[in-house]
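Architecture at a glance
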Amino acid sequence: MKFEIPATQNPIDQTTVIGQPRDRIDGPLKVSGTAPYAYERHDAAPNQAYGYVLGAAIAKGRILSIDLKEARAAPGVLAIVTASDAGKLGKGKRNTATLLGGPEIEHYHQAVALVVAETFEQARAAASLVRVDYAPSQGAFDLAAEKERAVKPPSEESTPTDTQVGDFTGAFAAAPVSLDQTYTTPDESHAMMEPHATLAAWEGDKLTVWTSNQMVDWAATDLAQTLGIPRANLRVVSPFIGGGFGGKLFLRADVLLAALGARAAERPVKVTLHRPLMMNNTTHRPATIQRIRIGATKDGTITAIGHESWSGDLPGGGPEVAVQQTRLLYAGANRMTAMRLAVLDLPEGNAMRAPGEAPGLMALEMAMDEMAEKLGMDPIAFRVLNDTQVDPEKPHRPFSMRRLNECFRIGAERFGWSRRSQRPAQARDGRWLVGIGVASAFRNNLVTKSAARVGLDRQGVVTVETDMTDIGTGSYTIIAQTAAEMLGVDLDKVIVRLGDSNFPVSSGSGGQWGANSSTAGVYAACVKLRETVAQTLGINSSEAVFTDGEVRAGNRSVPLARAAEAGPLVGEDAIEFGDLDETHQQSTFGAHFVEVGVDAATAETRIRRMLAVCAAGRILNPKTARSQVIGAMTMGAGAALMEELAVDTRRGFFVNHDLAGYEVPVHADIPHQEVIFLDETDPMSSPMKAKGVGELGICGVGAAVANAIYNATGVRVRNYPITLDKLLERMPDAA
Ligand code: MOS
């Protein structure tokens, strides 16, 4: 089904099941520990052996030799795989570094060997006996030091490297009020709960992998490409995922090595990237240096806005697209954005929750706060004044829907914004300096083709199959709600099967496109099934109403199940989106409010309250959507206050490669969160009229925290994370 804008009235608009705050249908499996995760697939294949990954001990250079003699003789060892005996391997088009390194080493902890043994402990012990002789060479590891050598990376059509509108330089120079500041964000790790893990089993030349991956079709395509086997010989199964955040968008070493290990050992092999490997073996969010310039008239109208960002990646990698929201968020006649990319021999940089916007808004929205102060304006009033209802770079493209100002209005009232002192360091609660801050949330709404198959059996049970994934987001539930609404059955009559490459190819989970795109694919399949049902029952499908387990037309009413009496019925289709982008800009919006207390003596920051007001089209399930947003707000708080991969700039690796050294927020760090969704439907997004919220929720949070800290203390910290050492000496009470 080709989606034609605008979406018309359709059965989803009944919102008897869709739009309702239903409990997760996979909840009982999750809380009883019976949802099978990849590493727990004990019954999926017999006689499983364990693989242990050995990571490179240098960041760049060559392996001169590997001595496997001792390891091979160790108890329980079944096989050892290295690049020199793995046969010829290709590379998936979404991988920058090679997943099995050697002799060239491209980054620290790049996998160089897999040891397969009867038990995990035997594999680990034997791996410690592998002797690798390295010839290290000099790499580049420090973004700040490489900044001057950064170059303009190749532009992509969807994301140009540089943009220019009007005369930025002239307008900025002429602006009566202006700001020119530089902000930095650190490297960050996805740090999801479930490590990357795979069980691989060969049957002849056919391979099945049970893994943990957000994008089943990408994984299957890239694994087939890497192994050099036909895609048809490969099955990827990933029905339950313990968090991904972008770290599981791509094929990673666990999948490839499990497949190679299983081939070498002639047994099913399971492999996990144990926690200490994850920060350096997989991908991370790259650090940025961002320069922002804003010029305005005295009344606060932006006349010039410029955003430049520098980041680094391995050769062949891409930039962190931290300027992309600045192209769309505020009005202003004269504009420029630019991205520059340095070669860094650190592990591969890639997408992490709201790639681009998350770090980009940490800078832009702090700059907006600073600019409002220079103008003597309320930071909300400054943003509202510079709202735009069209793409400011391409004014012929209106936003399909943009209610950012309303988010601020509702949020300000709810949060008690009027009680904020515009002068910083004025409010005190015992030992705490108290401040509140605000920031815009902005994230584009991407749509992508998504297919599903929906079946009906004689019991009236509806089964949905699609390779869509649920990374903790609620996909199972919103897909079931979609099918229930379309076919007029209760939620408990719907079975959802996800995450299997044998099913129709979906959008997968990424870029917050999954909820809208995958349910729209299920919608399309349901439309097909409704036609088949109507035909079977001899009902005119344009008249048929599906409700209460019945199909009704005129004064006829037939149980839905009767349509499948002679045998199950199936509808299969995909939703396809044309060039929606040409006519409309689709984005999601929000306003984040944060109250912090900063200890006057120690400069320790505690978040006291958080509020997000989001405008993101139809909210398919307010309960699962709220969970997405509070999780994202929590992650944003981490980015503001704690998360940082510490780079060893001499040896080229992330030092804090575990959850003790890489700090993320815990419950005690996040006392109170509230989420409000504007009641809206966007007919330009899909027949579902929905958008995504999973990434919107993190966008802007970091800056709202930073702005609250400034409001509390009068200290501006422009280098994230805002740890107490950066505040301490500049605190109001500091001697
Ligand atoms: Mo996302 S960073 O596309 O999972």
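Residues numbered from 1 in each chain as written. Predicted model: local features only at pLDDT ≥ 70, side-chain atom pairs only at ≥ 80, totals over all residues. Heavy atoms only, no water.

**Observations concerning the overall build of the chain**
- Looking only at helices and strands, the chain has 17 helices and 30 strands in total.
- Here the chain has a C-alpha radius of gyration of 27 Å; the compact-globule value for 735 residues is 27 Å, and the two agree.
- Principal axes of the C-alpha set define a box for the chain whose edges measure 80 × 75 × 50 Å.
- Counting every position in the chain, which comprises 735 residues, the buried fraction comes to 63%.
- The long-range fraction of contacts in the chain, counting pairs at least 24 apart against all pairs at least 6 apart in sequence, stands at 81%.
- Surface summary for the chain: the accessible area is close to 27,300 Å², and the carbon and sulfur share equals 50%.
- The centroid of the 73 positive side-chain charges in the chain is displaced by 1 Å from the centroid of its 85 negative side-chain charges. (Helix = DSSP H or I, 4+ residues; strand = E, 2+ residues; numbered from the N terminus. Rg over C-alpha atoms; globule rule 2.2 N^0.38 Å. Buried < 20%, exposed > 50% of the residue type's maximum accessible area, 1.4 Å probe, protein only. Contact = heavy atoms within 4.5 Å. Areas by Shrake-Rupley, 256 points an atom, 1.4 Å probe, with all protein chains shown as cover. Lys, Arg positive; Asp, Glu negative; His and termini not counted. Charge placed at Lys NZ, Arg CZ, Asp CG, Glu CD.)

**A few points about the pattern of salt bridges**
- Scanning the entire structure with this criterion turns up 45 salt bridges.
- The residue glutamate 695 makes a salt bridge to arginine 443 at a minimum N-O spacing of 2.7 Å. Highlighted residues: glutamate 695 in the loop between strand E30 (673–677) and helix H16 (701–713) and arginine 443 in strand E18 (residues 432–444), separated in sequence by 252 residues.
- Taking relative accessible area as the criterion, arginine 443 reaches 5% and is therefore assigned buried.
- One continuous salt-bridge network, built from bridges that share partners, spans Asp180, Arg291, Arg293 and Glu308. (Salt bridge = Lys/Arg side-chain N within 4 Å of Asp/Glu carboxyl O.)

**Details of a negative patch on the surface**
- Residues Glu157, Asp579, Asp581 and Glu582 make up a contiguous surface patch of negative charge.
- According to the relative accessible area criterion, aspartate 581 is exposed, its value standing at 54%. (Patch = residues over 30% accessible without salt bridge, like charges linked within 9 Å, V, L, I, M, F, W, Y side chains within 5 Å.)

**Concerning the sheet that holds strand E16 (residues 334–343)**
- Here we have five strands laid out as an open sheet, ordered E8-E16-E15-E14-E9, and mixed in their pairing. Across the chains shown, the open sheet's two edge strands, defined by having one partner strand only, are strand E8 (162–165) and strand E9 (177–185). Going across the sheet, the axis of each strand differs from the next one's by a mean of 10°, ignoring polarity.
- Pairing analysis gives 10 bridges linking strand E15 (residues 302–313) to E16, with the strands arranged parallel. Within E16, the residue paired with glutamate 308 across the bridge is alanine 338.
- Its contacts with the sheet place helix H9 (residues 357–375) against E9, strand E14 (288–296) and E15, and it is angled at close to 150° to E9. (Pairing = 2+ DSSP bridges. Axes fitted to C-alpha atoms, helices over the stretch in contact; angles between N-to-C directions.)

**Side note on the sheet that holds strand E22 (residues 545–547)**
- Sheet architecture is open: three strands sit in the order E22-E23-E24, paired in antiparallel fashion. The sheet is open, and its two borders are formed by E22 and strand E24 (556–559), each paired with just one other strand. The sheet shows a mean angle of 25° between the axes of neighbouring strands, taken without regard to direction.

**Observations concerning the domain arrangement of the chain**
- Domains assigned within the chain are domain 1 (10–34 + 447–580), domain 2 (38–138 + 192–280) and domain 3 (356–445 + 586–730).
- Taking only C-alpha atoms into account, the centre of domain 1 sits 36 Å from that of domain 2.
- Facing 20 residues of domain 1, the contacting portion of domain 2 comprises 17 residues.
- Buried area between domain 1 and domain 2, both sides added, is near 1,400 Å², and the carbon and sulfur share of it is 55%.
- Three residues stand out in domain 1 for area buried against domain 2, namely Ile471, Gly499 and Ser501, and they jointly supply 33% of the buried area on that side.
- Along the contact surface separating domain 1 from domain 2 lie one salt bridge.
- Between aspartate 500 and arginine 235 there is a salt bridge, and its shortest N-O distance comes to 2.5 Å.
- On the surface where domain 1 and domain 2 come into contact, there are six residue pairs in polar contact (both at pLDDT 80 or more).
- Its residues assigned to classes, the side of domain 1 that touches domain 2 shows six nonpolar, nine polar and five charged. (Domains from an automatic or database assignment. Buried area = accessible area lost by both parts, 1.4 Å probe. Polar contact = N/O pair within 3.5 Å; in protein donor to acceptor, adjacent residues only side chain to side chain. Nonpolar A, V, L, I, M, F, W, Y, C, P; charged D, E, K, R; others polar.)

**Examining the packing of H9 against H16**
- The contact between H9 and H16 brings their axes to 7 Å, and the two run at 35°. You can see that H9 and H16 cross each other, and the crossing is right-handed. Taking contact as the criterion, the partners of Leu361, Met362, Glu365, Met366, Asp369 and Glu373 in H9 are, on H16, Gly702, Ala703, Ala706, Asn707 and Tyr710.
- Its residues assigned to classes, the contact of H9 with H16 comprises six nonpolar, two polar and three charged. (Left-handed = near helix turned anticlockwise from the far one by under 90°.)

**Some details on the nonpolar core**
- By size, the foremost hydrophobic cluster in this structure holds 91 residues, and its most contacted members are Phe593, Val596, Val705 and Leu727.
- The dominant element in this core, judged by the number of residues it contributes, is H9, at 11 residues.
- Contacts of valine 705, omitting those with residues within four sequence positions, involve Val594, Val596, Ile607, Ala640 and Leu641.
- Counting residues in hydrophobic clusters, the runner-up holds 52 residues, among them Phe3, Ile12, Ala483 and Met486. (Core = buried A, V, L, I, M, F, W, Y, C linked by side-chain atoms within 4.5 Å.)

**Quick look at the environment of glutamate 729**
- Following the sequence through the fold, glutamate 729 ends up in the segment after helix H17 (724–727).
- Linking glutamate 729 and threonine 602, residues 127 residues apart in sequence, is a C-alpha distance of 9.7 Å.

**A short note on the packing of aromatic side chains**
- Following the criterion strictly, the structure yields 14 aromatic pairs and no others.
- Looking at arginine 716, its charged tip hangs above the ring of tyrosine 710, at a distance of 4.0 Å from the centre. (Phe/Tyr/Trp six-rings, centres within 6.5 Å; stacked < 30°, edge-to-face > 60°. Lys NZ or Arg CZ within 6 Å of the ring centre and 35° of its normal.)

**Some words on unusual backbone geometry**
- Look at the link from isoleucine 5 to proline 6: it is a cis peptide, with omega at -10°.
- With respect to the helices and strands, proline 6 occurs in the loop between strand E1 (2–3) and helix H1 (27–31).
- Here the amide bond leading from tyrosine 720 into proline 721 is cis, since omega sits at -5°, within 30 degrees of zero.
- The residue proline 721 is located in the loop between H16 and H17 in this model.
- With phi around 60°, lysine 689 is a residue other than glycine that occupies positive phi space.
- Within the secondary structure, lysine 689 is located in the loop between E30 and H16.
- The class of lysine 689 is buried, set by a relative accessible area of 6%.

**Observations regarding helix H12 (residues 475–487)**
- Relative to the 18 Å expected for 13 residues at 1.5 Å per residue, H12 spans 18 Å between its end C-alpha atoms, a close match to the ideal helical length.
- The first or second residue beyond H12 is glycine 488, which carries a positive phi of 70°. (Expected span 1.5 Å × (residues − 1).)

**Description of the environment of aspartate 733**
- With respect to the secondary-structure elements, aspartate 733 resides in the segment after H17.
- Once the C-alpha coordinates of aspartate 733 and threonine 713 are considered, the two residues, 20 residues apart in sequence, prove to be 9.6 Å apart.

**Description of the packing of H12 against helix H13 (residues 514–537)**
- Following both chains from N to C, one finds H12 and H13 inclined at 30°, their axes separated by 9 Å at the closest point. Taken together, H12 and H13 sit at an angle that is classed as roughly parallel. Remark: the crossing between H12 and H13 carries right-handed chirality. Only Ala515, Ser518, Thr519, Val522, Tyr523, Cys526, Val527, Leu529 and Arg530 of H13 make contact with H12, whose side of the interface consists of Ile478, Ile479, Thr482, Ala483, Met486 and Leu487.
- Grouping the constituent residues of the contact of H12 with H13 by class yields 11 nonpolar, three polar and one charged. (Parallel < 35°, antiparallel > 145°, perpendicular 65-115°, else oblique.)

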